[in-house]
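# Coordinate inspection notes
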Amino acid sequence: PAPSEVLGIPSSEKIEKIGSGFYNTLAACQSGVLYCAGENQNQQCGSGLKNLREMTKVKEVSEVESAQGGYCHTLIKNAVGDVLSMGCGEEGQRGIGELDDEDEELVLP
């Protein structure tokens, strides 16, 4: 089948970088906004909603330079140089200094 246009990102946004994780897709825009779509069972898209079928703005972050998905978690680098994480951290993959077996939709520095 032919590729399909990705839905949910306004045409005014210019996508700078894309990435993906396990069942999720990420798009970082020149404006510093991050969009995500996918299963989101572990809130790796920064939302309490499950199964995001269109790209959805991650409201908790701004000035995003890059983002990369892992297995049920997402890491984000902002313009200040902070690395933020969201999603499941039961194996320590969020890098927040503790094992977190609860799914987390909040972004933590």
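Residues numbered from 1 in each chain as written. Predicted model: local features only at pLDDT ≥ 70, side-chain atom pairs only at ≥ 80, totals over all residues. Heavy atoms only, no water.

What follows covers the overall build of the protein chain. Across its full length, the protein chain carries 0 helices and 8 strands. From first element to last, N terminus to C terminus, the protein chain shows the α and β order β-β-β-β-β-β-β-β. Residue pairs at least 24 apart in sequence account for 33% of intrachain contacts in the protein chain once pairs closer than 6 positions are excluded. Accessible surface for the protein chain amounts to roughly 6500 Å². Of this, 50% is attributable to carbon and sulfur atoms. (Helix = DSSP H or I, 4+ residues; strand = E, 2+ residues; numbered from the N terminus. Contact = heavy atoms within 4.5 Å. Areas by Shrake-Rupley, 256 points an atom, 1.4 Å probe, with all protein chains shown as cover.)

Let's shift gears to the side chain of Ser-47. Within the secondary structure, Ser-47 is located in the loop between strand 3 (34–38) and strand 4 (52–57). A distance of 3.0 Å separates the side chain of Ser-47 from the backbone nitrogen of Leu-49, its partner in a polar contact. (Polar contact = N/O pair within 3.5 Å; in protein donor to acceptor, adjacent residues only side chain to side chain.)

Among covalent bonds in proteins, the disulfide is the one between the sulfur atoms of two cysteines. On inspection of all chains with the given rule, the structure shows 1 disulfide. For Cys-36, the disulfide goes to Cys-45, at an S-S distance of 2.4 Å. With the S-S dihedral at roughly -45°, the linkage between Cys-36 and Cys-45 falls on the left-handed side. For the pair Cys-36 and Cys-45, a shared accessibility class is recorded, and that class is buried. (Disulfide = S-S within 2.5 Å. Buried < 20%, exposed > 50% of the residue type's maximum accessible area, 1.4 Å probe, protein only.)

Throughout the structure, instances matching the rule amount to 2 aromatic pairs. The interplanar angle of 45° and the centroid separation of 4.6 Å between the aromatic rings of Phe-22 and Tyr-71 together place this pair among those described as tilted. Of this pair, Phe-22 sits in the loop between strand 1 (15–21) and strand 2 (24–29) while Tyr-71 sits in the loop between strand 5 (64–69) and strand 6 (73–78), placing them 49 residues apart in sequence. Its relative accessible area of 53% is what places Tyr-71 among the exposed residues. What links up through ring pairs into an aromatic cluster is the set Phe-22, Tyr-23 and Tyr-71. (Phe/Tyr/Trp six-rings, centres within 6.5 Å; stacked < 30°, edge-to-face > 60°.)

With that settled, the discussion passes to the pattern of salt bridges. For the structure on display, the rule yields 1 salt bridge. A salt bridge links Lys-77 to Glu-65; its shortest N-O distance comes to 2.6 Å. With Lys-77 in strand 6 and Glu-65 in strand 5, the pair connects residues that are 12 residues apart, well separated along the chain. (Salt bridge = Lys/Arg side-chain N within 4 Å of Asp/Glu carboxyl O.)

A few words on the sheet that holds strand 1. The strand order across the open sheet built from 4 strands is 1-2-3-4, with neighbouring strands paired in antiparallel fashion. Two strands lie at the open edges of the sheet, namely strand 1 and strand 4, each paired on one side alone. Averaged over all adjacent pairs, the angle separating strand axes in this sheet is 15°, with direction ignored. Examined bridge by bridge, strand 2 and strand 3 share 5 bridges and lie antiparallel to one another. Looking at the pairing, Asn-24 lines up with Gly-38 of strand 3. (Pairing = 2+ DSSP bridges. Axes fitted to C-alpha atoms, helices over the stretch in contact; angles between N-to-C directions.)

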